[in-house]
Amino acid sequence: MNLRELIEACQYTIVEVTEAFFTPEAWRGYLNAAQNEFARKTRCIERISQGRTAPGRRIYPLDPDFFHINLVRCGDRVLKPIASYDMEARAEERGHPTHFHVNAGRLFLWPTPTTQEPLVVWYNASPEDMVQDEDEPEIPRVYHHVLVPGACYRALRADKDYVGAARFEEEWKEELYEAYTAMQMQEGENPIVRDVYGW
């Protein structure tokens, strides 16, 4: 379904509950918010960011759409996550990075790199917003229809129709749970990306 079709589905669906009118721009905002929540709860959008370490540099910016790291590889090593207090407690060292920490959209490496090496980050991403009528959600196509109750719930809540919003919220949460469960069964575990070398 594209954005225009999703808006039409929302307008058709919400008539059962209210006579309130919502503009296409408002629907676009509600649908994008629903898509963002869906992607974050199910972690269904995965991306890879590739770069290189620089000697003496321990902080690297992450892509703007990043929200959760699955795997970080530096050279031929998979780095281990470390808590911020552990990172701060460690003495400043230089060498081949073995650990990483994420804070404020930045990747911190420990120890500080001394050589240039490939740095690859596998991460879950937030979806791009739909803007044009022909734009399609980034979530898997089989779940596009799930965005309708999510958008209707948000529209009615914004209109202070809490009874109608509760009806759609229940459907939305049920659809989210079913999608999450189906994706987990399909994967057999929490979503994670592994490269071809098995690191």
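Our structure is the block above this text.
Just so it is clear, the structure is predicted and the values come from calculations on it, not from any experiment. (Residues numbered from 1 in each chain as written. Predicted model: local features only at pLDDT ≥ 70, side-chain atom pairs only at ≥ 80, totals over all residues. Heavy atoms only, no water.)

Peer 1: Honestly, the nonpolar core in this entry has me stumped. Any pointers?
Peer 2: Across soluble globular proteins, nonpolar side chains show a tendency to be buried alongside one another. One finds I14, W27, L31, F38, I69, V72 and L107 to be the most contacted residues of the largest nonpolar core, which totals 44 residues. At the level of secondary structure, the elements contributing two or more residues to this core comprise helix 1 (3-14), helix 2 (24-42), strand 3 (66-74), strand 8 (106-110), strand 10 (118-125), helix 4 (147-158) and helix 5 (162-187). Among the elements that make up this core, the one with the highest residue count is helix 4 (seven residues). Residue contacts for F38: discarding those within four places in its chain leaves R43, C44, I139, Y143, V146, L147, W172, L176, A179 and M183. (Core = buried A, V, L, I, M, F, W, Y, C linked by side-chain atoms within 4.5 Å. Buried < 20%, exposed > 50% of the residue type's maximum accessible area, 1.4 Å probe, protein only. Helix = DSSP H or I, 4+ residues; strand = E, 2+ residues; numbered from the N terminus. Contact = heavy atoms within 4.5 Å.)

Peer 1: Explanation requested: the sheet that holds strand 7 (residues 99-103) in the structure shown.
Peer 2: Backbone-to-backbone hydrogen bonds join strands into a sheet, with any given pair of strands oriented parallel or antiparallel. Taken in spatial order, the four strands line up as 2-8-7-5 in an open sheet, and their pairing is mixed. The open sheet terminates on both sides in strands that have one partner only, identified here as strand 2 (59-61) and strand 5 (80-81). With two bridges connecting them, strand 5 and strand 7 associate as parallel partners. Bridge pairing in strand 7 links K80 to H99. (Pairing = 2+ DSSP bridges.)

Peer 1: For this particular structure, what's the right way to read the sheet that holds strand 1 (residues 46-52)?
Peer 2: Here we have four strands laid out as an open sheet, ordered 1-10-3-4, and antiparallel in their pairing. Because the sheet does not close on itself, it has two edges, and the strands there are strand 1 and strand 4 (77-78). Pairing of strand 3 with strand 10 involves seven bridges; the strand directions are antiparallel. Across the sheet, C74 pairs through a bridge with L119, a residue of strand 10.

Peer 1: Is there a simple way to think about the packing of helix 1 against helix 2 in this case?
Peer 2: Relative orientation and spacing of two packed helices are given, respectively, by the angle between their axes and the distance between those axes. Remark: helix 1 packs on helix 2, axes separated minimally by 10 Å, with the N-to-C direction vectors making an angle of 100°. As summarised for this structure, helix 1 and helix 2 are arranged roughly perpendicular, according to the angle between their axes. Across the interface between the two elements, L3, L6, I7, C10, Q11 and I14 of helix 1 pack against P24, W27, R28 and L31 of helix 2. Split into classes, the residues belonging to the contact of helix 1 with helix 2 amount to eight nonpolar, one polar and one charged. (Axes fitted to C-alpha atoms, helices over the stretch in contact; angles between N-to-C directions. Parallel < 35°, antiparallel > 145°, perpendicular 65-115°, else oblique. Nonpolar A, V, L, I, M, F, W, Y, C, P; charged D, E, K, R; others polar.)

Peer 1: Looking at this structure, how should I read helix 2?
Peer 2: A turn of α-helix holds 3.6 residues, and therefore any two residues three or four places apart point the same way. Between its first and last C-alpha, helix 2 extends 27 Å over 19 residues, near the 27 Å set by a 1.5 Å rise per residue. Among all positions of helix 2, only W27, Y30, L31, N32, A34, Q35, F38, A39 and T42 are buried. R43 sits one or two positions beyond helix 2 and adopts a positive phi of about 55°. (Expected span 1.5 Å × (residues − 1).)

Peer 1: Is there a simple way to think about the packing of aromatic side chains in this case?
Peer 2: Two descriptors summarise a pair of aromatic rings, namely the distance from one centre to the other and the angle between the planes of the rings. In this structure the tally under the stated criterion is five aromatic pairs. Taken together, a centroid distance of 5.5 Å and an interplanar angle of 40° make the contact between F38 and Y143 tilted. Within this pair, whereas F38 is found in helix 2, its partner Y143 is found in the loop between strand 10 and helix 4, the two being separated by 105 residues in sequence. Of the two residues, F38 and Y143, neither departs from the other in class, the shared state being buried. Joined through ring pairs, the aromatic side chains of F22, W27 and Y30 make up one cluster. The positively charged end of R167 is found above the aromatic ring belonging to F168, 5.3 Å away from the centroid. (Phe/Tyr/Trp six-rings, centres within 6.5 Å; stacked < 30°, edge-to-face > 60°. Lys NZ or Arg CZ within 6 Å of the ring centre and 35° of its normal.)

Peer 1: When you look at helix 4 in this model, what are you seeing that I'm missing?
Peer 2: The end-to-end C-alpha distance of helix 4 is 16 Å, a good match for the 16 Å that twelve residues give at a rise of 1.5 Å each. Among the twelve residues in helix 4, ten count as buried, and that is most of the element. Remark: K160 follows helix 4 within two positions and exhibits a positive phi of approximately 65°.

Peer 1: Whenever I open this one, the pattern of salt bridges confuses me. Can you help?
Peer 2: A side chain with one charge can pair with a side chain of the opposite charge if their charged atoms come near. Inspection of every chain in the model, using the stated rule, returns ten salt bridges. One salt bridge connects E16 with R167, and the closest N-O pair in it is separated by 3.1 Å. Highlighted residues: E16 in the loop between helix 1 and helix 2 and R167 in helix 5, separated in sequence by 151 residues. For E16, a relative accessible area of 53% gives the class exposed. Of the residues examined, R167 reaches a relative accessible area of 41% and is grouped as partly exposed. A salt bridge links E37 to K41, with the shortest nitrogen-to-oxygen separation between them at 3.2 Å. Within this pair, E37 and its partner K41 are both found in helix 2, separated by four residues, close to a single helical turn. In the salt-bridge network here, residues are joined through shared partners; they are E37, K41 and R154. (Salt bridge = Lys/Arg side-chain N within 4 Å of Asp/Glu carboxyl O.)

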